[in-house]
Amino acid sequence: MSATIIDGKKVAKDITEALRHEVEALKAKGVVPGLAVVLVGENPASKKYVSSKEKMCESLGIKSMGNKIPEDSTQEELMKLIDDLNNDPKVHGILVQLPLPKHLNEKEVMHAISPDKDVDGFGPDSLGRLVLDEPGFLPCTPHGCMKLLEAYGVDPKGKHAVVVGRSVIVGKPIALLLLRQHATVTICHSRTPDLKETCLRADILCAAVGKAEMIKGDWIKEGAAVIDIGINVKEDGKLTGDVEFEKAKERAGFITPVPGGVGPMTIAMLMYNTVEAAKATVK
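Please read all numbers here as calculations on a predicted model, not as lab measurements.

**Re the nonpolar core**
Item 1. L35, L178, I229 and M271 are the most contacted members of the largest nonpolar core, which totals 50 residues.
Item 2. With near-sequence residues (within four places) excluded, L35 lies in contact with C57, I62, K63, S64, M65, G93, I94, L95, V119, L270, M271 and T274.

Below, the structure is given as structure tokens:
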């Protein structure tokens, strides 16, 4: 068998097209959704990500407000900027592009963003609401992964889901979202024994470890849905995921490619959260 390739570009386009109409409706009420993006320094990858987010905002009619500050900015200067954005009524969402320079405290910054503007979904209020099954902003990449499963008719209910990776921004949130959809979830990491055997039991396998092709093709259960969240650059400059795609697709039922799978969904869900934040301000 050969897997159905999950087209993240198409699903993301469907979501953003629906958002376009919502943005028009908000503008008719006098509300222009505004996303403030904070970029510290000149990290090339971060600059590329910020540019793609700004282009998406422009295409949807969302006002993108760039805030680029020097690499050597102090923690106090960054926190002052966050406070100003928290108090700006034209700003509905705040995104601080990570990683920050090493001398800055990322956790303190995430805590400082107003919960009403935490469109990345990384703050303690957003993550706490996720744990408590309460409404709130969901982290964009995990939310996008769930939307991909939904779009291709993969219902987590009663399934065994395995998440490889336990980061606060991907692994843990996607495990909680799968639990919310009634999957039985196993979280694996670098100290998990018999990782291959655990992966082979997965009806849904989510790979988020950041190691190129770590998950081998023969680790995939026949017919499983594979969501590859990793983005790694090979020696030849090509992008690859955490899963050995060519071999895995011969065993999986569904699989996301890299690029073109989860990546487009992350930006789409960021736009979704920004529009939701703007809608919440309409009286």
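**Description of the sheet that holds strand 5 (residues 160-164)**
Item 1. Read from one edge to the other, the open sheet built from six strands follows the order 1-11-8-7-5-6, with strand pairing classed as parallel. Strands at the two margins of the open sheet, each flanked by one partner only, are strand 1 (4-5) and strand 6 (184-188).
Item 2. With two bridges joining them, strand 8 (residues 225-228) and strand 11 (residues 254-255) adopt parallel strand pairing. Pairing of V226 across the sheet is with I255, part of strand 11.
Item 3. Contacts between helix 7 (residues 171-180) and the sheet are confined to strand 5, strand 6 and strand 7 (204-207), with strand 5 contributing the most and set at about 170° to the helix.

**Thoughts on a nonpolar patch on the surface**
Item 1. Taken together, the side chains of Y49, I231, V233 and L239 define a hydrophobic patch exposed on the protein surface, amounting to about 390 Å² of accessible area.
Item 2. Position of I231 among the secondary structure elements: in the loop between strand 8 and strand 9 (232-233).

**Concerning the packing of helix 1 (residues 8-28) against helix 10 (residues 263-279)**
Item 1. At a minimum axis separation of 9 Å, helix 1 and helix 10 run at an interaxial angle of 20°. Classed by the angle they form, the pair helix 1 and helix 10 counts as roughly parallel. Between helix 1 and helix 10 lies a crossing of left-handed hand. Between helix 1, through G8, K9, V11, A12, I15, T16, L19, E22, V23 and L26, and helix 10, the contact on the second element is made entirely by P264, M265, A268, M269, M271, Y272, V275, E276, A278 and K279.

**Structural notes on the sheet that holds strand 2 (residues 34-40)**
Item 1. Read across the open sheet, the three strands follow the order 3-2-4; overall the sheet is parallel. Each having just a single partner strand, strand 3 (63-69) and strand 4 (93-96) make up the two edges of the open sheet. For this sheet the average axis-to-axis angle between neighbouring strands, irrespective of direction, equals 20°.
Item 2. Of the pairings in the sheet, the one linking strand 2 to strand 3 comprises seven bridges and is parallel in character. Along strand 3, the bridge assignment pairs L35 with S64.
Item 3. Contacting strand 2, strand 3 and strand 4, helix 2 (residues 44-60) runs over the sheet at an angle of about 170° to strand 2.
Item 4. Lying over the sheet, helix 3 (residues 75-86) contacts strand 2, strand 3 and strand 4, oriented at roughly 175° with respect to strand 2.

**Quick notes on helix 1**
Item 1. When the terminal C-alpha atoms of helix 1 are compared, their 30 Å separation across 21 residues agrees well with the 30 Å that a helix rising 1.5 Å per residue should span.
Item 2. Turning to helix 1, its buried residues are G8, V11, A12, I15, T16, L19, V23 and L26. Projection of helix 1 onto a plane perpendicular to its axis shows the buried side chains occupying an angular sector of 120°, all on one side. Those residues of helix 1 that are exposed and aimed more than 90 degrees away from the buried face are K13, H21 and A28.
Item 3. Check the buried side of helix 1 and you find it contacts helix 2, helix 6 (140-151) and helix 10.
Item 4. Between the side-chain oxygen at the start of helix 1 and the backbone nitrogen of K9 there is a gap of 3.1 Å, and the oxygen is on D7.
Item 5. Just downstream of helix 1 lies G30, where phi reads positive at about 85°.

**So, the packing of aromatic side chains**
Item 1. Scanning all chains against the criterion turns up one aromatic pair.
Item 2. Where Y152 meets F254, the ring centres are 6.4 Å apart and the plane angle is 70°; that geometry is what we call edge-to-face. Taken as a pair, Y152 in the loop between helix 6 and strand 5 and F254 in strand 11 lie far apart in primary sequence, 102 residues in all.
Item 3. Residue class for Y152 comes out partly exposed when judged on its relative accessible area of 23%.
Item 4. You can call F254 partly exposed: its relative accessible area is 24%.

Conventions and cut-offs
- Residues numbered from 1 in each chain as written.
- Predicted model: local features only at pLDDT ≥ 70, side-chain atom pairs only at ≥ 80, totals over all residues.
- Heavy atoms only, no water.
- Core = buried A, V, L, I, M, F, W, Y, C linked by side-chain atoms within 4.5 Å.
- Buried < 20%, exposed > 50% of the residue type's maximum accessible area, 1.4 Å probe, protein only.
- Contact = heavy atoms within 4.5 Å.
- Pairing = 2+ DSSP bridges.
- Helix = DSSP H or I, 4+ residues; strand = E, 2+ residues; numbered from the N terminus.
- Axes fitted to C-alpha atoms, helices over the stretch in contact; angles between N-to-C directions.
- Patch = residues over 30% accessible without salt bridge, like charges linked within 9 Å, V, L, I, M, F, W, Y side chains within 5 Å.
- Areas by Shrake-Rupley, 256 points an atom, 1.4 Å probe, with all protein chains shown as cover.
- Salt bridge = Lys/Arg side-chain N within 4 Å of Asp/Glu carboxyl O.
- Parallel < 35°, antiparallel > 145°, perpendicular 65-115°, else oblique.
- Left-handed = near helix turned anticlockwise from the far one by under 90°.
- Expected span 1.5 Å × (residues − 1).
- Arc of directions from axis to C-beta.
- Polar contact = N/O pair within 3.5 Å; in protein donor to acceptor, adjacent residues only side chain to side chain.
- Phe/Tyr/Trp six-rings, centres within 6.5 Å; stacked < 30°, edge-to-face > 60°.

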